[in-house]
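# Structural features, examined
Here is what each chain is made of, one letter per residue.
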Amino acid sequence: MNFSFNVRVYGVLMDEEKGILVRDELIRGKNYTKFPGGGMEYGEGTRDCLKREFMEETKIEIEVKEHLYTTDFFQESAFRPNDQIVSVYYFVQPKHELIFPLVHYDNLTGEEAKKPHADMEAFRFIPPHLFSPDKLSFPIDKVVAKLLLSQHVL
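The subject of this paragraph is the overall build of the protein. Looking only at helices and strands, the protein features three helices and seven strands. Along its sequence from the N terminus, the protein presents helices and strands in the succession β-β-β-β-α-β-β-α-β-α. Nonlocal contacts in the protein, meaning residues at least 24 apart in sequence, comprise 67% of its contacts between residues at least 6 apart. For the protein, the accessible surface area stands at approximately 8,900 Å², while carbon and sulfur atoms represent 52% of it.

What follows is the structure in structure tokens.
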């Protein structure tokens with residue numbers, strides 16, 4: 001059996017009025033909500049990865065701020081058995097005013113259709129008074145949501 005590590009990098013983009021930016025995805029017929037970000041590529045550092053992922057996914061140029069959390073427990077991938085997920089989270093800020101709607105992929109074509117995981121994806125803010133770990137799908141994201149709430153950043 002082959003085991004490998006999958007390093008993922010995510011950004012927490014917060015707006016005092018709008019809340020926290022999340023990514024909704026339909027993957028293999030199931031809906032997921034998570035923080036924006038994705039997989040680190042060979043030769044990248046975590047911050048460069050996050051900038052690239054935000055630009056690819058949302059077309060938002062960001063500044064990567066302080067580190068928030070790195071996975072400190074074992075988490076197997078939901079999509080690739082034998083892959084251990086290590087996720088790194090940073091606070092991020094947009095370099096420019098956000099223009100809505102953000103990128104929304106529906107009935108993907110071209111390069112987006114080649115993504116191995118996403119059938120559809122969209123972005124939205126969860127208002128501060130509605131934000132909770134239950135709004136997110138993955139275990140590591142839920143830990144980060146609890147951390148954000150305990151630090152009273154919303």
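The next point concerns the pattern of salt bridges. Under the defined criterion, the tally for this structure stands at twelve salt bridges. Close ionic contact of Glu41 with Arg52 constitutes a salt bridge, the shortest N to O distance being 3.5 Å. Of the two residues, Glu41 is situated in the loop between strand S4 (37-39) and helix H1 (46-58) and Arg52 in helix H1; the sequence distance between them amounts to eleven residues. Taking the relative accessible area as the measure of exposure, Glu41 reaches 44% and is therefore partly exposed. With a relative accessible area of 17%, Arg52 lands in the buried category. When the shortest N-O distance is used, the salt bridge between Lys65 and Glu63 registers 3.1 Å. Judged by relative accessible area, which is 28%, Lys65 ranks as partly exposed. Classification of Glu63 as partly exposed rests on a relative accessible area of 33%.

Conventions we followed
- Within each chain, residues carry numbers counting from 1 in the order of the written sequence.
- Where totals are concerned, whole chains, interfaces and linings use all residues; where local detail is concerned, this predicted model gives features only for residues with pLDDT of at least 70, and gives and counts side-chain atom pairs only at 80 or more.
- Hydrogen atoms and water are omitted, and side-chain values are computed over all heavy atoms in the structure.
- Helix numbers and strand numbers start at the N terminus; a helix is a DSSP run of H or I with at least 4 residues, a strand a run of E with at least 2.
- Whether two residues are in contact is decided by their heavy atoms: any pair within 4.5 Å suffices.
- Here the accessible surface of atoms and residues is derived via Shrake-Rupley with a 1.4 Å probe, and residues count as covered only by protein chains that are part of the display.
- One speaks of a salt bridge when a side-chain nitrogen belonging to Lys or Arg is within 4 Å of a carboxyl oxygen belonging to Asp or Glu.
- Remark: exposure states derive from per-residue accessible area (1.4 Å probe, protein chains only) relative to the maximum for the residue type, with buried under 20%, exposed over 50%, and partly exposed in between.

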